[in-house]
Each structure stands twice: as structure tokens, then as C-alpha cells.
Amino acid sequence: MLAEIRAACAEVARRSRWVRLDEGGLARFAETLELASVTAPRYDAAHHYVGDPEAMLAFNLTLDAVNFGSGYFPHLRKRPGKSGYFTVALALKEHFEAHGPLAPRELVALTPPRTAALFGQDLGDPVRAELMRHFTEALHQLGSYLVERFGGSFAALVAAAQGRAERLAELLAEMPYFRDVARYGELRVPLYKRAQIAPSDLALAFDGQGYGHFSDLEQLTIFADNLVPHVLRVDGVLVYDPALVARLEAGALIPAGSEEEVEIRAVALHAAERLVAQLRAAGEAVSARQLDVYLWNRGQQERYKAAPRHRTRSVFY
Ligand SMILES: Nc1nc2c(c(CN[C@H]3C=C[C@H](O)[C@@H]3O)cn2[C@@H]2O[C@H](COP(=O)(O)O)[C@@H](O)[C@H]2O)c(=O)[nH]1
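Residues numbered from 1 in each chain as written. Predicted model: local features only at pLDDT ≥ 70, side-chain atom pairs only at ≥ 80, totals over all residues. Heavy atoms only, no water.

Our working rule: UniProt positions are given in the numbering used here, feature names are shortened, and annotations may be inferred rather than shown by experiment.
The protein chain is annotated in an unreviewed UniProt entry as Queuosine 5'-phosphate N-glycosylase/hydrolase of Truepera radiovictrix. Quoted verbatim from the Sequence similarities (unreviewed entry) field of UniProt, the annotation for the protein chain is "Belongs to the QNG1 protein family." Its UniProt record gives the protein chain a comment under Catalytic activity (unreviewed entry), which states: "queuosine 5'-phosphate + H2O = queuine + D-ribose 5-phosphate".

Printed below as a string of C-alpha cells:
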């Protein structure tokens with residue numbers, strides 16, 4: 001899986017017309033990287049559930065099943081001062097604190113109105129309602145997958161990965177909403193953003209132990225969402241075609257599966273691979289996963305929030 005992702009994204013970067021990797025920008029960015037802050041990512045307990053291991057496992061896998069919607073987030077009812085992701089994470093954390101984990105059979109029984117209530121949303125706004133329907137479908141898929149394949153046990157799913165993040169990603173990708181694969185001309189371009197971030201988030205939640213113990217985390221690629229490419233563009237590593245920039249600045253949606261969308265995600269993933277290679281050549285032990293956490297958290301700064309990033313309505317990020 002991971003080798004296929006890297007090869008496909010390198011090929012997209014060779015062919016791309018809308019998004020270019022700027023070699024000078026890449027070299028400068030690598031030099032300015034404060035590597036000390038790049039390493040130890042840690043679990044954000046302010047927004048994520050902390051409790052007994054089984055409940056924390058259920059929380060993180062349930063959250064990653066709905067860790068998407070960036071193209072819908074302008075229509076999401078957000079918590080004051082919270083982004084879309086943190087609004088969703090907090091709502092689920094509070095549910096787990098008040099009512100305990102959602103059992104797989106409860107996930108299967110969810111309806112859009114109940115999903116909306118769970119995430120503090122209503123179905124009045126049609127875009128918000130569409131996202132709640134997608135969240136409901138995503139949670140149905142998770143619940144039925146666990147019941148049918150793993151006896152309703154989150155722990156059995158993780159055990160089946162035998163301590164390999166790539167294997168857990170492959171298992172998760174058996175659910176359609178995790179199967180994040182694009183087409184680019186005749187090329188198949190797997191990106192598997194949520195399938196890969198799930199073991200990474202478990203490693204954060206469990207500090208690399210127990211349900212968070214994976215031997216190959218450093219093999220993961222970055223998680224191709226819409227914020228990491230944006231940070232790379234704002235910092236001069238990626239250069240978008242001016243016509244594409246104009247569309248982003250006008251707030252236009254970039255269609256899921258379009259050349260532009262695939263290039264933004266795939267060239268960003270490839271740029272991260274090039275950054276990791278350059279840093280490693282300079283003797284820095286940095287992984288794409290660590291770089292992702294660094295770039296995503298860097299993207300929370302006003303300088304990045306102030307500029308428009310691409311919005312695509314997708315169930316993949
Ligand atoms: N590449 C990458 N994408 C990530 C994350 C996370 C959250 N993980 C952190 C949280 C706790 C741990 O500390 C993790 O570090 C969310 N997203 C994506 O962002 C988008 C939402 O953005 P906004 O509109 O601003 O909320 C959406 O597509 C969502 O899928 C990440 O880490 N990497």
C-alpha cells in the first residue's frame with residue numbers, strides 16, 4: 001500500500017499542470033524547519049477522550065471514521081474558536097464522557113437526526129445535512145464492519161493488524177469511506193489519508209504502547225488533507241497555477257476527483273517525501289508522519305488560516 005502511494009504521487013508530480021513543486025522553495029523550507037519542534041507529537045487530551053484503553057480505542061477509531069468534511073466545514077456549526085475538526089472531536093469526547101463508548105451496534109443504528117444531535121448540528125442547512133448523512137453512513141460502515149468481521153470488537157480489529165500500521169490501514173480500507181483512491185488519467189492514485197492517520201492517532205493516544213504499538217509508523221506517508229498542502233503552498237514549497245489560486249480565493253469548491261484536487265493532494269504528499277529525504281540526507285531522523293503533525297499544527301497559525309485553502313466536499317478528508 002505505502003509503496004504504491006509514493007510511486008503514484010511521484011508520477012502525478014511529474015505530470016502535474018496545476019500544482020508544481022518548487023525546488024528552491026523546498027530547499028529553503030528544509031533549512032528553516034525547526035527540527036526540535038518536529039519530533040515528539042503528543043495526544044491532545046483537551047480535545048480527545050482519555051479513559052480506559054478500550055474506550056480510548058473506540059473513541060479514536062470512531063473519530064477517524066468521521067475525520068473528514070473539510071469542504072463542508074464552512075457550513076458546520078462550529079464551537080467558538082474551534083475549527084471543524086476540533087468541533088467534531090470535542091463533541092465526540094463529550095459524548096464518551098457522558099455516555100461511554102458508542103458500541104458497534106449503536107453505530108449501525110444511528111440516523112442522520114441522531115448523528116446531527118451527537119455532533120451539535122441540525123439538518124436545517126442542506127450542506128450541513130449532507131455532511132451529517134455522510135457521517136451517519138461512515139459510522140454505519142464502521143459498526144457493521146466490526147460486527148461482521150471482528151465480533152463487534154475494536155480490539156479484535158487492531159489485533160488483526162499484528163502491530164503493523166500499514167496492515168491496519170489496509171483493514172480499514174475495506175470500508176468504502178476509508179478507500180481514499182483517486183484516478184488521474186489512467187493512473188490509480190491511492191492516498192488513504194484516514195486509513196493512515198488512524199494508526200498514527202492510536203500511537204499518539206497510547207504513547208506507542210498497547211493498542212498504539214506499531215512497528216512501521218515511520219513508513220506512513222503524510223495524511224493528504226487540505227491543510228498540509230496549504231501550508232506547503234503558503235511557505236513556497238508548492239506553487240499553484242494562478243487560475244487555480246483565483247478559484248481558491250473566490251471560495252470556489254474544487255470538485256472531488258478533479259485533476260486539480262488530485263494534484264494538490266498527491267504533489268503535497270510527494271513534496272513531503274522529498275522533504276523527508278532531504279532532511280535525512282542532512283542527518284535528521286524525521287518521518288513523513290512527524291512532518292505531517294508538524295505541518296498540520298503549524299497550519300493552525302493565523303498566517304495560514306487567513307489565506308484560503310482548497311475546499312473539496314469529500315468523505316476522505
Ligand atoms: N494531515 C492531517 N490532517 C488532519 C489532521 C487532523 C487532526 N489530527 C491532530 C489532532 C490531534 C492530534 O494531535 C493530531 O495531530 C485533522 N486533519 C484534517 O484536517 C482537516 C480539518 O481541518 P480544519 O478545517 O482546520 O478543522 C480535515 O480534512 C481533517 O481530516 C492531522 O493531524 N494531519
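### Focus on the site of the ligand
Quick reminder of the rule: We define proximity as follows: a residue is near a molecule or strand when any one of its heavy atoms falls within 4 Å of that partner. Two N or O atoms form a polar contact when they lie within 3.5 Å of each other; inside protein one atom must be a possible hydrogen donor and the other a possible acceptor, and for residues adjacent in sequence the pair counts only when both atoms belong to side chains. Residue-level accessible areas treat just the shown protein chains as cover; the underlying method is Shrake-Rupley with a 1.4 Å probe. Numbering of helices and strands runs from the N terminus, with a helix taken as a DSSP run of H or I at least four residues long and a strand as a DSSP run of E at least two residues long.
Near the ligand, the surroundings consist of 20 residues, among which Asn 67, Tyr 85, Lys 193, Phe 223 and Asp 292 are the closest. Here an oxygen atom of the ligand sits 2.7 Å away from a polar atom, N or O, in the side chain of Asn 67. Separating an oxygen atom of the ligand from a side-chain N or O atom of Lys 193 is a distance of 2.6 Å. Contact with the protein chains covers 97% of the free accessible surface of the ligand, which is 660 Å². At the level of secondary structure, the elements contributing two or more residues to the shell around the ligand comprise helix H5 (84-99), helix H11 (193-205) and helix H15 (288-298).

### Points about helix H1 (residues 2-15)
Think of an α-helix as turning once every 3.6 residues; residues three or four places apart then point the same way. Worth spelling out the cut-off: Here the expected span of a helix is defined as 1.5 Å times the quantity of residues minus one. Any residue under 20% of the maximum accessible area for its type is buried, any over 50% is exposed, and the rest in between are partly exposed; the area is computed with a 1.4 Å probe on protein chains only. Residue contacts are defined here by distance: any two heavy atoms, one from each residue, within 4.5 Å place the two residues in contact.
Its 14 residues give H1 an end-to-end C-alpha distance of 20 Å, which sits within 8% of 20 Å, the value for a rise of 1.5 Å per residue. Taken together, the buried positions of H1 are occupied by Leu 2, Ile 5, Ala 8, Cys 9, Ala 10 and Val 12. Tucked into the core, H1 has its buried residues touching helix H10 (165-172), strand E2 (181-184), strand E3 (187-190), H11 and helix H14 (259-281).

### Here's the deal with the pairing of E3
Under the convention used in this document: By this definition, two strands are paired if DSSP reports at least two bridges between them.
Note that E2 and E3 share four bridges and pair antiparallel. Note that in E3 the partner of Ala 182 across the bridge is Val 189.

### Overview of the pattern of salt bridges
Worth spelling out the cut-off: Whenever a carboxyl oxygen of Asp or Glu lies within 4 Å of a side-chain nitrogen of Lys or Arg, that contact is scored as a salt bridge.
As enumerated under the stated definition, the model contains 19 salt bridges in all. As a salt-bridge pair, Glu 23 and Arg 274 come within 2.8 Å of each other at their nearest N and O atoms. You can see Glu 23 sitting in helix H2 (residues 23-32) and its partner Arg 274 sitting in helix H14, a full 251 residues away along the chain. We classify Glu 23 as partly exposed; its relative accessible area is 45%.

### Overview of the pairing of E2
Every second residue of E2 is oriented toward a common face, the buried set being Ala 182 and Tyr 184 and the non-buried set Val 181 and Arg 183. Linking E2 to E3, which pair antiparallel, is a turn of two residues; within it Gly 185 sits at a positive phi near 65°.

### Observations concerning the confidence of the model for the protein chain
Applicable threshold: One confidence number per residue, pLDDT, is output by the predictor and ranges from 0 to 100.
Per-chain confidence: the protein chain averages 96 in pLDDT, with 100% of residues scoring 70 or above. Confidence metrics for the complex model read pTM 0.97 and ipTM 0.94.

### Some remarks on the packing of helix H4 (residues 53-65) against helix H8 (residues 126-150)
Spelled out, the test is: All axes are obtained by fitting lines to C-alpha atoms, using only the stretch in contact for helices, and the reported angles, taken between N-to-C directions, cover 0 to 180 degrees. Oblique is the label for any angle not under 35 degrees, not over 145, and not in the 65 to 115 range, which are roughly parallel, roughly antiparallel and roughly perpendicular in turn. Put simply, a crossing is left-handed when the front helix is turned counterclockwise from the back one by less than a right angle, and right-handed when it is turned clockwise. Here the term charged refers only to Asp, Glu, Lys and Arg, the term nonpolar to Ala, Val, Leu, Ile, Met, Phe, Trp, Tyr, Cys and Pro, and the term polar to all other amino acids, Gly among them.
As a packed pair, H4 and H8 sit with axes 9 Å apart at the nearest point and diverge in direction by 135°. With respect to H8, the element H4 is oriented oblique. The handedness of the crossing between H4 and H8 comes out as right-handed. Facing H4, whose interface residues are Leu 61, Thr 62 and Ala 65, H8 presents Ala 138, Leu 139 and Leu 142. Residue classes in the contact of H4 with H8 are distributed as five nonpolar, one polar and no charged.

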